[in-house]
Amino acid sequence: MIDALARRCRRVLPAALTIVVLGGCGGGSSPTAASQTTTSGATTTASTAVANHVHGAVTGATPNEVIIATHYGLRRSEDGGRTWSPVATAGDSMVAALAKLPNGYVGSFMQMSMGSMSTSTSAMGSMSGMRGMSSSTTSGAMGSMGMTGPADVKVSTDGASWKAVQGLPAGATVTNLVASPDGKVTWASINGQGIYRSTDGAQTWTLVLPTQALITTVYDTGTSLVFSTQDGLDITPDTQPSVPATPTAKLSLNTLGAWSACDTCLVATTGSGGLATSRDSGQTWQQLPASHSFDNVVSFPGTKDALFGMVSAPSDKDKGIWESTDGGTTWTRVLDQPQIDFAFALPSGDLLAFQWGVHVWRSTDGGKTWTKYGDA
């Protein structure tokens, strides 16, 4: 199975190379393995380094403290993103998701090696773009971050020391890890098993939605759990979740998050890179013409109803960050830079955008203009 994180990493590589994705887009300090299928159908493997990039971000104990989950460990800033230092106690494995809880944090850590990776390049050939990764909840959880590979889900009270959780199957393939808007409920989807829930600060987990379907994105509205598979979109009460007999909407999503246009508004990207919005917590959707092939579309509380779409591929003429102030009908490019696919709002209202490298861009005017701010 291939999901959004695999597509993210694949798009920035030469077209002839395909990342092997059982462990996401690589991890640790080792280069990832890349596969190339020959005319005879054989698969060869080569080493391809993956640039560091951001999978999630949360605020810390103070308004100026930010912790980011990267391809090679955690990074912490205490001055609003200008300077960064590694969180050495967390190690250097890939942190594929990070969410803030009322009393700490929860993250998904992947320690991978090239020898453990294997998948079919023909399966990956059907994927396009790196659509995925959204800062989908107000708690800072990375909702539809679409990760692959065996993951250790861990919790921390300070962002420095981490301990394993209970109730998740060992060596499971975690595809999503998210928190509710208040951080009191956390959800993890496990490939081939279903969705697990925790109500005690992510320390213990219970399987509540058994299903073998590949879950591409998950979002908690505060009252309902919205999740998408390759067959469509489902909605269920988050207090008594169940798998609906048929999808609520025939709409397969890659990213899903809150839209600040209203309390019940959501914004999502579809499998084809298009855009869809909902004003009733996901019950009904409007699909918009795809003027750009967005990897991620996000919204921030301090920017009214504005939407920000990110096109990451360096070869795409539309690369950069785009803003829409009319619900996604028209777009204006506000930053012309490649490989930006994650953005985050500080408590001050300033915005940070992360470029592969990791290079940090900042906006102090609600996303209208951006300046290079530092490196993580």
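Residues numbered from 1 in each chain as written. Predicted model: local features only at pLDDT ≥ 70, side-chain atom pairs only at ≥ 80, totals over all residues. Heavy atoms only, no water.

This brings us to the pattern of salt bridges. Inspection of the entire model under this criterion finds seven salt bridges. Of the charged contacts, one joins K319 and D336 as a salt bridge, the two residues approaching to 3.8 Å between their closest N and O atoms. In this pair, K319 is assigned in the loop between strand 24 (307-311) and strand 25 (320-324) and D336 in the loop between strand 26 (332-335) and strand 27 (340-345), connecting sequence segments 17 residues apart. Take K319: its relative accessible area is 22%, and that puts it in the partly exposed class. By relative accessible area, which is 43% here, D336 ends up partly exposed. Sharing partners across several salt bridges, the network here consists of K319, R333 and D336. (Salt bridge = Lys/Arg side-chain N within 4 Å of Asp/Glu carboxyl O. Helix = DSSP H or I, 4+ residues; strand = E, 2+ residues; numbered from the N terminus. Buried < 20%, exposed > 50% of the residue type's maximum accessible area, 1.4 Å probe, protein only.)

This part takes up empty space enclosed by the protein. Empty space among the atoms can be located by rolling a probe the size of a water molecule over them. According to the stated counting rule, one finds one cavity of 30 Å³ or more in the structure shown. There is about 40 Å³ of room inside the largest cavity. Around the largest cavity, the lining residues are G273, G274, L275, P289, A290, S291, H292, F294, G328 and W331. A breakdown of the residues in the lining of the largest cavity according to their chemical character gives five nonpolar, five polar and no charged. (1 Å grid on protein atoms, 1.4 Å probe; cavity = no way out; pocket = protein on both sides within 12 Å on 5 of 7 lines; lining within 4 Å. Points joined across faces, edges and corners; volume = space filled by probe spheres on them. Nonpolar A, V, L, I, M, F, W, Y, C, P; charged D, E, K, R; others polar.)

Here we come to the packing of aromatic side chains. Here the structure, examined in full by the defined rule, presents five aromatic pairs. Taking the centre distance of 5.8 Å and the plane angle of 45° together, the rings of F300 and F308 count as tilted. Each of the two residues, F300 as well as F308, counts as buried. Within the aromatic cluster, the residues linked to one another by ring pairs are W84, F342 and F354. (Phe/Tyr/Trp six-rings, centres within 6.5 Å; stacked < 30°, edge-to-face > 60°.)

The antiparallel open sheet is built from four strands, whose spatial order is 19-20-21-22. The open sheet has two edge strands, strand 19 (253-258) and strand 22 (286-288), and neither has a second partner. Going across the sheet, the axis of each strand differs from the next one's by a mean of 20°, ignoring polarity. Direction of pairing for strand 21 (residues 275-278) relative to strand 22: antiparallel, over a ladder of three bridges. When the sheet's bridge partners are listed, L275 is paired in strand 22 with L288. (Pairing = 2+ DSSP bridges. Axes fitted to C-alpha atoms, helices over the stretch in contact; angles between N-to-C directions.)

Take the sheet that holds strand 25 next. Read from one edge to the other, the open sheet built from four strands follows the order 23-24-25-26, with strand pairing classed as antiparallel. One side of each edge strand has no neighbouring strand; the edge strands of this open sheet are strand 23 (296-298) and strand 26. The average angle at which neighbouring strand axes cross in this sheet is 30°, direction not considered. Where strand 24 lies against strand 25, five bridges are found, and the strand directions are antiparallel.

Each pocket or cavity is described by its volume, and for the second largest pocket that value is around 240 Å³. Taken together, 16 residues make up the lining of the second largest pocket; nearest its centre are N103, S156, T157, G201 and Q203. Of all elements in the fold, only strand 9 (104-110) and strand 10 (152-156) reach the threshold of two or more residues within the lining of the second largest pocket.

Shape is all these values report; function is a separate question.
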